[in-house]
Amino acid sequence: MTANPTRVLVLNSGSSSVKYQLLDMADGARLAVGLVERIGEETSRLAHTPLATGGAKRETEAPIADHEAALRAVARELAEDGLGLDSPELAAIGHRVVHGGLKFTEPTVITEEVVAEIERLVPVAPLHNPANITGIRTAQGLRPDLPQVAVFDTAFHTTMPESAARYAIDVETADAHRIRRYGFHGTSHAYVSRETAKLLGKDPSEVNVIVLHLGNGASASAVRGGRCVDTSMGLTPLEGLVMGTRSGDIDPAVILHLSRNAGMSTDEIDSLLNKKSGLIGLCGDNDMREIRRRIDAGDERAALAFDIYVHRLKKYIGAYYAVLGKVDAIAFTAGVGENAAPVREAAVAGLAELGLAVDADLNAVRGDEPRLISPASARVAVAVVPTDEELEIATQTYALVSA
Ligand SMILES: Nc1ncnc2c1ncn2[C@@H]1O[C@H](COP(=O)(O)OP(=O)(O)O)[C@@H](O)[C@H]1O
Ligand SMILES: CC(=O)OP(=O)(O)O
Ligand SMILES: [Mg+2]
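Residue numbers run consecutively from 1 along every chain, following the written order of its sequence. Each chain takes a letter, starting from A, and each ligand takes a number, starting from 1, following the order in which they are written. This being a predicted model, a pLDDT of at least 70 is required before a residue's local features are given, and a value of 80 or more before pairs of side-chain atoms are given or counted; all residues contribute to the totals for chains, interfaces and linings. Note that the side-chain values use all heavy atoms of the structure and ignore hydrogens as well as water.

Looking up the protein chain in an unreviewed UniProt entry gives the name Acetate kinase, with the organism given as Streptomyces stramineus. UniProt positions are given in the numbering used here, feature names are shortened, and annotations may be inferred rather than shown by experiment. The UniProt entry for the protein chain carries the following text under Function (unreviewed entry): "Catalyzes the formation of acetyl phosphate from acetate and ATP. Can also catalyze the reverse reaction." What UniProt records for the protein chain under Subunit (unreviewed entry) is the sentence "Homodimer."

Below you can see the structure in the form of structure tokens.
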């Protein structure tokens, strides 16, 4: 055994994908990064880049049936470069866990009780928690001696005041079933709000930031002095913004109407709202790149889907502006937020009275570094701040096991 192992493997298991990174926390070096996509479909894809050896990205297309098979494939890829899970330099494995309920407000070393609690929360994170549990079990099987740490998407949002966290429904019913707003993507909102403060040359405690995490799942948060005071996702990751395949906010009576008058079962409605709604439900595509291509070719359905997406986003910017009272910065992050300049431009269009504007030239710049896209004279900074959930999970995991 190496005296002080400093490497952390991070597993970010999503509903149909696994993102992973191997980092050395002694110097923050990324040794390997990769992604397994389309798990459970006919052609799954694994892309692995062994940064430590300077080797080229290796891409394989083959069916990968489930998350366990995905992790075993990842372990094989790592082993090929001498970075296998048997390495004595590995200090811990950090897992993204989407729903931690109210119990987990901090990164937590995984025990059987912790797994049981994550399992208990499956009904409120059906797309995510089962994949997270499989990731944990498979990693435990491969390295039973290593500490495994859970870093929860919900943790950053536990500072929300009751006025933002409670739904206006009967209190006894809500409490009996632990129905409240938990919020998700917390590691990203935490990391991006801190990086935004850094970009402004300030301490996080000095700034109010609206973070817009726009990936396949999407959420907004209002962060006052480094603490989350509101976020758009709720009991589950379905509430809030229009997403790739999820509806976000709807009148809850839509569900009753579909159940009573359209003959749909609860499972069918669940699948409708989580998998066949949002951008894909509106225009048949959930990838913003494809939607922009279609708009450029004159496709009206794609244009309407884009407008609905942006309209919701703008409503949340206005809402969180009001919640915070004073806003120092708005930060766009995740796949859409970091790459789709037209989304950023449209989301703040017409908000000059609020001190919000985007400079067209700055907005067109591409890059991996945090950057400002607002004109120098703007009262509120608008920024693109790439998220790094894996680095944040690794940092929290290592802090816990090396303490
Ligand atoms: N160059 C790009 N232009 C526009 N949208 C992009 C671009 N690259 C990625 N995206 C969007 O980002 C989404 C994925 O974001 P990501 O944060 O990786 O999501 P998740 O973690 O939820 O899988 C894609 O579905 C696509 O819509
Ligand atoms: C919580 C959530 O929606 O996560 P993702 O964006 O990875 O689907
Ligand atoms: Mg994501």
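Here the narrative resumes.
Let us look at the overall build of the protein chain. Each helix corresponds to a stretch of at least 4 residues labelled H or I by DSSP, and each strand to a stretch of at least 2 residues labelled E; elements are numbered beginning at the N terminus. The number of helices and strands found in the protein chain is 15 helices and 14 strands. As defined in this context, the radius of gyration uses C-alpha atoms, and a globule is described by 2.2 Å times the residue total to the power 0.38. At 21 Å, the protein chain has a C-alpha radius of gyration in line with the 22 Å of a compact globule built from 403 residues. Seen along its three principal axes, the alpha-carbon backbone of the protein chain occupies a region of about 60 × 55 × 45 Å. Counting every position in the protein chain, which comprises 403 residues, the buried fraction comes to 52%. Nonlocal contacts in the protein chain, meaning residues at least 24 apart in sequence, comprise 63% of its contacts between residues at least 6 apart. Note on areas: Shrake-Rupley with a 1.4 Å probe; residue coverage comes only from the protein chains shown. Counting only carbon and sulfur atoms, one obtains 52% of the accessible surface of the protein chain, whose full area is about 17900 Å². Charge counting follows a simple rule: Lys and Arg are positive, Asp and Glu are negative, and His as well as the terminal groups are ignored. Throughout, a charge is located at the NZ atom of Lys, the CZ atom of Arg, the CG atom of Asp or the CD atom of Glu. Between the averaged position of the 40 positive side-chain charges in the protein chain and that of its 54 negative side-chain charges there is a distance of 2 Å. Only protein chains enter the accessibility calculation, which uses a 1.4 Å probe. A residue is then buried if its area is under 20% of the maximum for its type, exposed if over 50%, and partly exposed in between. Any two residues whose heavy atoms approach within 4.5 Å are treated as being in contact.

Moving on, we come to the sheet that holds strand β4 (residues 44-49). Working definition: the strands of a sheet are paired by backbone hydrogen bonds and lie parallel or antiparallel to each other. The eight strands are arranged β5-β4-β3-β2-β1-β6-β8-β7 in an open sheet whose pairing can be described as mixed. Edge strands, defined here as strands with exactly one partner in the open sheet, are β5 (58-62) and β7 (108-109). Axes here refer to lines fitted to C-alpha atoms; in helices the fit is confined to the stretch in contact. Angles between the N-to-C directions go from 0 to 180 degrees. Against the sheet, helix α15 (residues 389-401) makes contact with β1 (7-13), β2 (18-24), β6 (90-97), β7 and β8 (148-152), and its axis sits at roughly 125° relative to β6, the strand it touches most. What makes two strands pair is DSSP finding at least two bridges between them.

So, about the site of ligand 2. The local shell around ligand 2 consists of Arg 96, Val 98, His 128, Asp 153, Phe 184, His 185, Gly 217, Met 233, Pro 237 and Arg 246. Polar contact is the term for a pair of N or O atoms within 3.5 Å; when the atoms are in protein, one must be able to donate a hydrogen and the other to accept it, and sequence-neighboring residues count only if both atoms are side-chain atoms. Contact distances for ligand 2 include 2.8 Å between an oxygen atom and a side-chain N or O atom of His 185. The separation between an oxygen atom of ligand 2 and a polar side-chain atom of Arg 246 is 2.8 Å. Summarising the interface, the protein chains cover 86% of the accessible area of ligand 2, which totals 260 Å² for the free molecule. By residue class, the composition of the shell around ligand 2 is four nonpolar, three polar and three charged. Residue ranges for the domains originate in an automatic or database domain assignment. Among the domains, domain 1 (7-152) and domain 2 (201-389) are the pair contributing at least three residues each to the shell around ligand 2. Definition of nearness: a residue and a molecule or strand are near each other if at least one heavy atom of the residue lies within 4 Å of the molecule or strand. Charged residues are taken to be Asp, Glu, Lys and Arg, nonpolar residues to be Ala, Val, Leu, Ile, Met, Phe, Trp, Tyr, Cys and Pro, and polar residues to be all remaining types, Gly included.

Our focus in this paragraph is the site of ligand 1. In the vicinity of ligand 1, 14 residues are found, and the nearest of them are Lys 19, Asn 216, Met 288, Gly 335 and Asn 339. At 2.9 Å from an oxygen atom of ligand 1 is found a main-chain nitrogen or oxygen belonging to Gly 335. With respect to ligand 1, the backbone of Val 336 contributes an N or O atom lying 3.4 Å from an oxygen atom. Relative to its unbound accessible area of 580 Å², ligand 1 is 73% covered by the protein chains.

So, on to the UniProt feature "binding site: substrate" (unreviewed entry) in the protein chain. Mapped onto the present numbering, the UniProt feature "binding site: substrate" (unreviewed entry) falls at Arg 96. Relative to the elements of secondary structure, Arg 96 occurs in strand β6. With a relative accessible area of 9%, Arg 96 lands in the buried category. The residues contacting Arg 96, other than those within four sequence positions of it, are Leu 11, Asn 12, Asn 132, Val 151, Asp 153, His 185, Glu 389 and Ile 393.

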